[in-house]
Amino acid sequence: MSLSAMSKPILYSYWRSSCSWRVRIALNLKEIPYDIKPISLIKSGGEQHCNEYREVNPMEQVPALQIDGHTLVESLAIMHYLEETRPQRPLLPQDVLKRAKVREICEVIASGVQPLQNLIVLIHVGEEKKKEWAQHWITRGFRAIEKLLSTSAGKFCVGDEITLADCCLVPQVFNARRFHVDLRPYPIILRIDRELEGHPAFRAAHPSNQPDCPPEAAK
């Protein structure tokens, strides 16, 4: 194995990025040591837009993960790679239907909710309307997720084992609170979030525990 393949993975991350956060949780759950290279989405107009980082991720977004001598972008693709190359401490169930349910919840969040309240979209929407916009799309998504969880959830999103769905859900709950979404209509979502908030892997991945978290935002 080459030296590059053996070196510690590097995660290009922004402290408050929910996409980066998902990957941090998955890496922590699988107990994969990694280094973080912070990419500020706001400093100097956004470090993700600089030429150097564009070579890492042509979409000019976080996260990106350098691992096994390769660079991967897009959080779900990264998490599935981790699952397939490091199947110990699995984050997908063995049961085929349950695996589909995990992917279903991940996709609803990663495709149907999070991108619509992403920084690049909110800048386009404008300061005056961004809160109302974010609340609308998060509420729409959470109604669907709560319904899906009503048939899939055990202790966690799908059954009683932590999966990739939980890695996606917790950061999105944080975003919902950030935009002051009323979460009372979503008791299953809230229960799962409470169940996971003290878990060491989730706690270590929290924005307030990241090296680039501003002091005023740290807990």
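Refer to the preceding data block for the structure.
Keep in mind that this is a model prediction, so the values were computed, not measured.

About the cut-offs
- Residues numbered from 1 in each chain as written.
- Predicted model: local features only at pLDDT ≥ 70, side-chain atom pairs only at ≥ 80, totals over all residues.
- Heavy atoms only, no water.
- Axes fitted to C-alpha atoms, helices over the stretch in contact; angles between N-to-C directions.
- Helix = DSSP H or I, 4+ residues; strand = E, 2+ residues; numbered from the N terminus.
- Parallel < 35°, antiparallel > 145°, perpendicular 65-115°, else oblique.
- Left-handed = near helix turned anticlockwise from the far one by under 90°.
- Contact = heavy atoms within 4.5 Å.
- Nonpolar A, V, L, I, M, F, W, Y, C, P; charged D, E, K, R; others polar.
- Salt bridge = Lys/Arg side-chain N within 4 Å of Asp/Glu carboxyl O.
- Buried < 20%, exposed > 50% of the residue type's maximum accessible area, 1.4 Å probe, protein only.

Q: Account for the packing of helix α2 (residues 18–29) against helix α8 (residues 164–178), with residues named and values stated.
A: Put simply, α2 and α8 touch, their axes get as near as 8 Å, and they point 140 degrees apart. Judged by the inter-axis angle, α2 sits oblique to α8. Note that α2 runs across α8; the crossing there is right-handed. Taken together, the residues of α8 that come into contact with α2 (itself represented by S18, W21, R22, I25, A26 and L29) are C167, C168, V170, P171, F174 and N175. Broken down by class, the residue content of the contact of α2 with α8 amounts to nine nonpolar, two polar and one charged.

Q: How would you summarise the pattern of salt bridges if you had to cite specific residues and measurements?
A: Scanning all chains against the criterion turns up ten salt bridges. Notably, a salt bridge pairs K30 with E83, separated by 2.9 Å at the nearest N-O pair. Remark: E83 occurs in helix α4 (residues 75–85) and K30 occurs in the loop between α2 and β2 (35–38); sequence separation between them is 53 residues. The residues K30 and E83 share a single accessibility class, namely buried. A salt bridge links E104 to K101; its shortest N-O distance comes to 3.3 Å. One end of the pair is E104 and the other is K101, both in helix α5 (residues 96–112) and three residues apart, which spans about a single turn. For K101, a relative accessible area of 25% translates into the label partly exposed.

Q: I'd like a rundown of the environment of E161, residues and numbers included.
A: Structurally, the position occupied by E161 is in the loop between α7 (130–152) and α8. Owing to a relative accessible area of 59%, E161 belongs among the exposed residues under this scheme. Sequence separation between E161 and A134 is 27 residues; the distance between their C-alpha atoms is 30 Å. Ignoring sequence-local partners within four residues, the contact set of E161 consists of F156 and D166.

On their own, these measurements won't tell you what the molecule is for.
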